[in-house]
Structures are given as structure tokens and as C-alpha cells.
Amino acid sequence: MIDVNYIRQQFPILNRKVNGNPLVYFDNGATTQKPKRVIDSIVNYYSELNSNIHRGVHTLSREMTIEYENARIAVQKFINATYAHEIVFTKGTTDSINLVASSFSRAFLKPGDEIIVSEMEHHSNFLPWQNLRDEKGISMKVIPLTKEGELNMEAYKKLLSPKTKLVAIAHVSNSLGLVNPLEEIISEAKKHGAKVLIDGAQAVPHLRVDVQKLGADFYVFSMHKLYGPTGMGVLFAKEELLEAMPPYQYGGGIIKSVTIEKTEWADLPNKFEAGTPNIEGGPATKAALHFVNEVGMGNIAAYEHELLTYCSDQLGMIEEVEVYGNIKNKAGVISFNIKKTHPFDTGTLLDNMGIAVRTGHHCTQPLMRHLGIPGTVRASFAVYNTKEEIDIFINGVKKAVKMLL
Amino acid sequence: MIDVNYIRQQFPILNRKVNGNPLVYFDNGATTQKPKRVIDSIVNYYSELNSNIHRGVHTLSREMTIEYENARIAVQKFINATYAHEIVFTKGTTDSINLVASSFSRAFLKPGDEIIVSEMEHHSNFLPWQNLRDEKGISMKVIPLTKEGELNMEAYKKLLSPKTKLVAIAHVSNSLGLVNPLEEIISEAKKHGAKVLIDGAQAVPHLRVDVQKLGADFYVFSMHKLYGPTGMGVLFAKEELLEAMPPYQYGGGIIKSVTIEKTEWADLPNKFEAGTPNIEGGPATKAALHFVNEVGMGNIAAYEHELLTYCSDQLGMIEEVEVYGNIKNKAGVISFNIKKTHPFDTGTLLDNMGIAVRTGHHCTQPLMRHLGIPGTVRASFAVYNTKEEIDIFINGVKKAVKMLL
Amino acid sequence: MTIEEIEQEIIDEFAMFDNWEDKYQYVIDMGKDLKPMAEELKTDDRLIKGCQSRVWLHSAVKDGRVIYTADSDAIITKGLVALMIRTLSDHDPEEIINAKVDFIDTIGLKSHLSPTRANGLLSMVKQMKLDAMALKIKLSN
Amino acid sequence: MTIEEIEQEIIDEFAMFDNWEDKYQYVIDMGKDLKPMAEELKTDDRLIKGCQSRVWLHSAVKDGRVIYTADSDAIITKGLVALMIRTLSDHDPEEIINAKVDFIDTIGLKSHLSPTRANGLLSMVKQMKLDAMALKIKLSN
Ligand SMILES: Cc1ncc(COP(=O)(O)O)c(C=O)c1O
Ligand SMILES: Cc1ncc(COP(=O)(O)O)c(C=O)c1O
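Before going into details, it helps to say that this report is about the structure given with it. (Residues numbered from 1 in each chain as written. Chains lettered and ligands numbered in written order. Predicted model: local features only at pLDDT ≥ 70, side-chain atom pairs only at ≥ 80, totals over all residues. Heavy atoms only, no water.)

## Brief notes about the site of ligand 1
Defined as follows: Throughout, near means a residue has at least one heavy atom within 4 Å of the molecule or strand. For this analysis, a polar contact is any N or O atom pair within 3.5 Å, provided that within protein one partner can donate a hydrogen and the other can accept it, and provided that sequence-adjacent residues contribute only side-chain to side-chain pairs. Using a 1.4 Å probe, the Shrake-Rupley method yields the accessible areas, and only the shown protein chains count as cover for residues. Amino acid classes used here: Ala, Val, Leu, Ile, Met, Phe, Trp, Tyr, Cys and Pro are nonpolar; Asp, Glu, Lys and Arg are charged; the rest, including Gly, are polar.
Taken together, 13 residues sit near ligand 1, with Thr276(A), Thr94(B), Asp199(B), Ser222(B) and Lys225(B) positioned nearest. Residues near ligand 1 are shared among chains A and B, making this a multi-chain site. One nitrogen or oxygen atom from the side chain of Gln202(B) is found 2.7 Å from an oxygen atom belonging to ligand 1. Note that an oxygen atom of ligand 1 is positioned 2.7 Å from one of the side-chain N or O atoms of Lys225(B). When ligand 1 is considered free in solution it has 390 Å² of accessible area, and contact with the protein chains removes 95% of it. Split by residue class, the shell around ligand 1 holds one nonpolar, ten polar and two charged.

So, in C-alpha cells, the structure goes:
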């Protein structure tokens, strides 16, 4: 059970007013707000521990290295990876996927091999593969969607073949909030010996994720969408894959020895973490996961489901509103338009009421084209949101309807 | 003129004790400490402004986008770039160099073309080019060093030819602190039509840099070595080069439009900033530059020069100590060993006295091999260091001499 | 009327509203009232790319004065576009080029002119001035 | 003496020192006193790679007991290596494998065993145990 008042007290920004109104922050799919302990962890880092890690023998560097590695262990536990060294810290989901696109393709792909993505992917899980297609002659197949915006699983199965080397797919769609049937997707891929990358950016904030149980080869997400810091991303990859892949970036910390002729790579995960990392992101990541664990992912999921259902029901009662992706298995996100208007108009009016939603194509232009619309208004929830906020929001939408139509 | 007490008061960590002694932090070459205003800017960001940028129409997103872009303008002014959009934000120096290695080579290089680096380079300005050599058949030439560790300029001139497409060289060497003769290096390169990348990681904290006056094509550095946040780097590149180069990473924000067939890139610098950036790094970067500008780079340089001279003189008087790179034109760094001992021993003993120095190869193994040593003890200075701290340090070295020999 | 006079007129109109709802309603209504642009003019080369709403702009000269026609797929943007046309259209190029066009700030819709506002309004003003400049050169040849 | 007894002996010795200088001086002196390793044994396959100082380890069996020889290019590391040899060398494999070797913590040199300490001491203990295990298997065949 959730004590939402107690939770809200932990988020300083929720006291903020926007355009004279209390902030109603429904843009959590873009980035969540941060609890005080995350902010404090950064202050503490810079006031007590700041130093470069991994290479120093002095006390600060040693203490901080342990702190940073503890963050890795916290992530490992959070997604139940087998080893801490299967967790590579990156800049974000986009960075993680680009890393895989580069290192996986250099280790395993040759022209003519196939990668499967879907039409609902975020550009960050679309463009890197498109680039492999254009630069390396890897073929990219796109799973089409049903009318409601779900994956067409029959079509997916037909796309799979021995040529398929990788399936790259979102766990939860960022535009519509649909939860994809990963079990089936992964087991079908395995039948053909293909590896699977799961873009979990919109899943980890809302669902419990167990990478071992899923059997995912790669699982990626961003801490900033999970109550954590910006500039901090996660790439989980199975040890054997990380071992076999060449580094993505080259620089300090990734080598055991360098001569002018050749180099020997450092152990995992250092091989994939060239240069000084986002060190403050370590303690902040740990603090964010601590917050999530304390509330409990099960509680978060149940509570957000309540919010989502309540909001869907209310929105559904407004005749002038069209909701997209209106199916059962959804998480965190609701996408809609006021009929015959542009999402930008709705977003602008809601903003004047202090309500922050996202409007636009949400970096999923292929999906928008599929739906035949320029974009949507997206309300996305976090554990600190309330039914009262949804009431404000619904009133806001009604007001926008009145003003626009 | 510097009021070092007033400056020290701004750095919370300087109140810390290490192993019972006040912290003497001489590991600034690895990363500097942060003034309170940098820490406050992050707190303020997460408490008042946090939201994803560039794409949102709501107030938080709009306010924060302006803040973030103001940071870009602050960097532009700091190094006197012509346009703000010539500043690309990255994760750090290593990320910046990897970006150039990838995007520049894909736009401009073909097998047989040559890149010139030097034997004193940090691995981050060495391994990316070595990788181009190994993966793309680009030839990599290495400027040898004189006995003292300076660039052999005659040899450099002989390496240059019409085949040379890029010269990648440190402004200031991180191991020895030597300031390289950039004017000559760049003008010689231009004679052959080669582009020049300057690794300014160890320069920007100590010298005034004017990229237009230098005529550098690329200039890269890390904010964390300049009183700023970790996870935030800068790539300056001339507009025409950024225009001609393809993106490095692919994902949200880098496109104007995406279809399944093809994409159209966004304007500079967005084309090179895929995904959610290190947003908090924006205000923190601005705050760090504000600190530096307030103290004045000229004052910093003069004061640090005083410290360096004082420290060199004192160290030079200890018979059992060997100083490396003992020449006039140095900045921020002094590298030495207690003769016949390993740097690790000295570093360990100094740490017990609360003195943080770096020991080891400093990610410059080729240079260490050139000097015929496993590594050095490196003391590196920032504007908050004092002569009194140097006295403590010198006493510490003397004590280490007594204990080790 | 000069551009400046029109701007003042608009400022006076907006001064009557004491809440954002009325202001925006006024903008929305102006959007609805804007003379529709011929569909065949809505071509990609007339598109001013903002991130979210699209704006088409067509510029022509009549009697030495620039006449603008424009449209947008978002109604608020269209209202702002209407304001811009009312302000800048039917003036001579020189006056347009030199216009400050800062009334948007004054009437309290400032955010729509900020460089980050994803609606292309700022780009639109720029484009209107560029067109005026081009037409001026054309006229003087 | 059992390994545990030796550890206790070392703990008692270090308990006499009440400041870090004396402790480290003792370690350094032990490093200086360590019987030098034959140069021909300092081969790359005997190298335990730590980030900074290098440690060579050679393991052999004599009368069913494991005899270690080791060296390092850093004197403090060498002193710690000497402590490890004194503790673990000349015991039977089983005892070595099961040894806790946590006295380094107790004597106040904890940081040298931390996973980040760039001196390879932790790796050394691991390697000593692995060698003991390998030798045990060899003996039982
Ligand atoms: C000269 C030089 N280049 C590059 C780097 C790498 O910087 P970063 O680790 O911030 O990517 C450093 C810092 O260690 C350096 O001193
Ligand atoms: C499904 C999905 N994938 C990838 C991303 C990109 O994440 P980031 O911008 O943190 O790299 C996002 C966030 O916008 C997302 O929602």
C-alpha cells in the first residue's frame, strides 16, 4: 500500500507552482522527478567524496570507487542480473542501444544478416539499427502493428528466420504504454538463435523486471525515468556477449596494457566504460533504487494501475476525446487527442493550468504515421501522482475542449 | 589577485579530514573539487526545474531548455567559439574524442590516410585512433618525444604530408604538465591541409583558451576537471565540420523526420546529441564557468604558476627525488618519483598523511615506457591549493623518503 | 497604420483581458477566423519547420508591399500567425525588415516566442523578414 | 603453527604499534627482508596483475605442503606479500584453501585488501588459494 502524502513530501519540486497553479506533473514518461535522497546523495558526493575512481590509491578515490561499484550491485539486484559485471553504466538508454549496435554488430553481424524492430519503437531503438542497415548492409525488418497499435505477432513470427541475428523491441511502448508480450517474443526469437535486446526505458519505472527470468540478452534503460539522475543509463548484457564484443569507446580505463602496437582490454565491465564516468550518478542511482525498493515495485505497479484506470475511465467519458492504444495490458501512459485539434493546442492550454503533459510524436514518428496523426497528448504517471491531480487534469481537458471546439 | 581563503570557503569538501588529517587534495588533474554554487545549481535544478528538454511545450521543460542552452552559450564564450551551436555536449573528453574519431572518419577518411598523434597522449587520445587504424586501415603516426618528454618538433614536421588528414594532440600533457607549442603544431598541420584536434582536458583548468585564435578545428575537454560536474564534456568543432559529419549516436532528438526508409537530421548541435542528455550538467556547467570567470583565468594561471614553481623548487631540493619533464613551460602538474622506489609506495604513505596524489601511469603507458619507469607520483594543483599545503606535502615526501629508503 | 501602430493596437486589445483564458480564447478565435490558405499553397517548400505544429508561409508583393498568407495545423499557432500577418502584412519591405515585433512579449504570450517553444513562431518571424528582404532586392532590380 | 595461530601472532605484533608510521615501517622492513625471488621465476605467467604494482607468485609442493615464493616491485606491497607468505606458506593445501586471511583488516591495513586497492593483494590471496587447490588435485592423483 502506498502513502502518497508521505511519498510526495520526499519530492521537493512538487511544492512548485506553475503559472500560478500547483504543479501537476504528468510528464513522467519523459523524465520523473527526484526524491530528496537522490538530491542529497549528490550533495553528499560533492561535499565528502568527490574524486576520480578506479585508478587512485588515495582514500577519497578508494571510498568513492566502492560507492560507485555498490551502485552497480544495486542495479544488478534490481533487475536480477547474474553478475554485477553484466551491468555497464552508460549515459542513458540511447547510449546503451548505440553501444550494442556498434559492438554487437562488429562482433557478430555481416551484410545480409537481419535485425527485427517494430513500428512502435522510440527513435532511439530505431535509428541505430537503420544506420547499421545504411552503413553496413544489415537488413532491418519492421514488425507492423495492429489497428490499436499492438504488435502483430503473426507478422513477427513470419519475419523470423535463421538470418535473424537480433530482435530489438520495447518492453513498454513510450507513446501508448502498451506492454509487449516479451515471453513469446523472446521464446520465438530463441527458436531461431536470435539474440534479443529489450528497451526497458518505459518498463522499469512501472514493472518488476527480472532479466534472468525473461531470458533477455540485452536490457537497457535510463535512470532519469526511474527517479534517478540524468546522464546515467544502464546496459545489462549477458557476460558471454560482453566478453565477445569489442569495446564501444576507446580511452582511459579500458585497457590492461597499451603499446603503440596493440592493447589488451581490461576486465568487464571496465572494457565498456572508457573515460571518467558520471561519478555522481553512482550514489544517485543507488539512492533512486533505494527509494523504489522502499516503496516496493509491486506497490508502485498496483497504485499506478489504479491511477491509469481512473484516468482512462474519466477521459473515456469525454465525448470529444479520442484515446489511443485502448487495450488492457498497459503501464504508466495514456495517450489521447481532443478530436479535430492538434495536440500542441491541448498541451499549451493545460500548461497554463499548471499541468505538464507531453505533446507531439514522442520520438515515434513511424507509429504516428501508422495512426495517421501528427502526435498525441501524453499523460504519464509516477508513484507520487494522485487521483486529485487526475481530477484537475480531467477538468483541464474539459476546459480545453470548450476553448478549442 | 587571489584571496585563497575566500576561495577555499566555497569548497565544502576542503573541510574534510582524511586519515585524521585535513585533506590536502593534489589530485586535481584527475578531477577538481566543486564550489558550492555548482552543488547548489544541481539542488536547484532537481528542486525547481527538473524536466526533459527540447521537446516539451510545458513550462518546466521550456524554462529548463533555456537554462541548458545558456550553459552552451557560457561554454561558447569561455573558449570564444564563433557560434553556440559549435559546442556539442558530451559525457567527457573521452566521449568527445570518440565522437570525432567515428564521425570525422566516416565523413573524411579512407584507408591509407594518416592521423598523427604523439607519444605523450592520454589513452583517450590514443586508443580511438589506434582503433581506426585497426578497423579501417587508417595509418597512425606517433610523434616521438625528446629525453625530457617534450614533443620532437623536427620529427613532427617530417611526419606531416599531404596524406595527413588529422593531427590529434594534447594542449597540456596530463602526466608531465608540459604545454605543447600549439601555434606551431597547428600552422604546420594547416600547411598540409590537415585538421587539428586539441585535447584540452588538462589545459582549460589552467590557461585561457581561445579556439578562434588557436585555429583549432576540434577542441575537447571535460567539465569535471574544471570545477564542474562529472558526466559532462565539451566538443568544440567548426561549424563546417559538424555540418559535414554524420551523427555519432542515433536516437531521440537528432532528426527532423523519420520514416522507415530514411531520416533527415536536425540542426546543429542537436544532430550530435541523441537521447536525453545529462541535463543537470547544464546548470552545473554554467555555475562552474561562473566560478572560473569570477576568479579570472588570468589570476588562476598566475597563482597556480606560483604554486607550481614553489613546489618544484622545494621538491628539487630533496636529493632522493627525481622530477620528470623539468622544463619551463608547464601548467598545473608536477610528476616525480622517490628514486629507486615505486610510486605506489609514496602514494600510499602520503595518503596516510591525508595527502591525495595520483600514482601510476596516468593512462599514458607509451610515455611511461619512453621514460623507462612504471609510473610517477603526480601532484596537480587547483586554485584552492595553498603554499601551506605544499609545505605539508614536501614534509610528507621527506617522511616517505625516510621510511622507504 | 505603421507596424508599430498595429502592434500598439494589439497590445491595447490584449490589455482588456485580465486572465489567460480570455487571452487564449481571443487567439484561438483569431486562428479560426484566419482566411484559409489555398491548399495548393501548402507545399513543403513553404513549410516552416517547428518541432510540433506546422506553419506554411507564402509571401508576395503587391504595389510594392509584402502580402503574407499563412496557415498552421494547430489552432493556437494559427491565431498567433494571424496576429503576425495582421502586423506585418501589407507593409513595405523596409519597414518589415526593421520591425521589432516584440508585442508578443508585451501581451503576455512571451513563451511562444522563446527559442524553445516548439511551434516555429520565432522561425516564422525570421522567415517573414527574410522573404521581405528577398522581395526588396527583387523590387530594386 | 596453524595458519590461524600465525595470523594471531601477526595481529599481536601489530597491536604493539600505536601509529600508522610504525605499522607501515614494519611492513616496509618486512618487504626489504623478504628473500629475493629468482629473476628467472619473474615471468609473465607468474604475474598477478594489479593496476599499479606488480606481484609475481610461484607455488610449489614439498612434503605435501605448499611453498610460496613471491615478489613485488613496490616495497609496501612486497611487505604485505611477505606477510601472506609467512601466513600461508608451508601448510597443507586444505588448510590454505579454508583459511579466512582476514588479519589484514584487523591489523589496520584494511584498505589494502579492498577490491579497489590498486595493488593486487586481493588477487594475490585468490591466486594463492587457486594454486593450493590445483596442487591438491595434483597430489591426490
Ligand atoms: C589529457 C587528457 N585527455 C583525456 C582525458 C580523459 O578525460 P575523461 O576521463 O574526462 O574523459 C584526461 C583525463 O584523465 C586527460 O588528462
Ligand atoms: C521507450 C524508450 N526508449 C528509449 C528512450 C530514450 O531514452 P533516453 O532519452 O534516456 O536515452 C525513451 C525515452 O524517451 C523511451 O521512452
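## Details of the interface of chain B and chain A
To keep things clear, this is the line we draw: Residue contacts are defined here by distance: any two heavy atoms, one from each residue, within 4.5 Å place the two residues in contact. Accessible area that two parts lose when put together, with a 1.4 Å probe and added across both, is what the buried area reports. Whenever a carboxyl oxygen of Asp or Glu lies within 4 Å of a side-chain nitrogen of Lys or Arg, that contact is scored as a salt bridge. Think of it this way: any DSSP run of H or I at least four residues long counts as a helix, any run of E at least two long counts as a strand, and we number them from the N terminus.
Contacts between the two partners involve 91 residues from chain B and, on the opposite side, 91 residues from chain A. With both chains or domains summed, chain B and chain A bury close to 7100 Å², and 54% of this area falls on carbon and sulfur atoms. At the junction of chain B and chain A, the tally comes to eight salt bridges. Arg106(B) is the partner of Glu135(A) in a salt bridge, and the nearest nitrogen-oxygen pair spans 2.6 Å. Our count for the contact surface shared by chain B and chain A stands at 40 residue pairs in polar contact (both at pLDDT 80 or more). Element by element, the count of residues in the side of chain B that touches chain A is highest for helix α2 (residues 36-49) of chain B, at eight residues. Looking at side-chain class alone, the side of chain B that touches chain A contains 34 nonpolar, 37 polar and 20 charged residues.

## Examining the arrangement of the chains
The structure contains five pairs of chains in contact, of which chains A and B account for the largest number of contacts. Of all C-alpha pairs spanning chain C and chain D, none lies closer than 45 Å, and the two are not in contact.

## Observations concerning the nonpolar core
Convention followed: Nine residue types can take part in a nonpolar core, namely buried Ala, Val, Leu, Ile, Met, Phe, Trp, Tyr and Cys, and a core is a set of them joined through side-chain atoms within 4.5 Å. The rule is simple: take the accessible area with a 1.4 Å probe, protein chains only, and divide by the maximum for that residue type; under 20% is buried, over 50% is exposed, in between is partly exposed.
Phe393(A) and Phe393(B) are the most contacted members of the largest nonpolar core, which has 302 residues in total. Residues within four places of Phe393(A) in sequence aside, it is in contact with Phe26(A), Cys311(A), Leu315(A), Phe336(A), Leu350(A), Ile355(A), Val357(A) and Ala379(A). Trp129(A), Leu241(A), Leu197(B) and Ile254(B) belong to the second largest nonpolar core, which has 66 residues in total.

## Some points on helix α5 (residues 127-136) of chain A
Within the sequence span of α5(A), burial applies to Leu127(A), Pro128(A), Trp129(A), Gln130(A), Asn131(A) and Leu132(A). Positive phi shows up at Gly137(A), right after α5(A), with a value of about 70°.

## What to know about the pattern of salt bridges
Counted according to the given criterion, the structure contains 62 salt bridges over all chains. In this structure, Arg16(B) engages Glu63(A) in a salt bridge whose closest nitrogen and oxygen atoms are separated by 3.0 Å. Taken together, the residues Arg16(B) in the loop between α1 (4-9) and β1 (17-18) and Glu63(A) in helix α3 (residues 59-79) connect one chain to another. Owing to a relative accessible area of 14%, Arg16(B) belongs among the buried residues under this scheme. For Glu63(A), a relative accessible area of 30% gives the class partly exposed.

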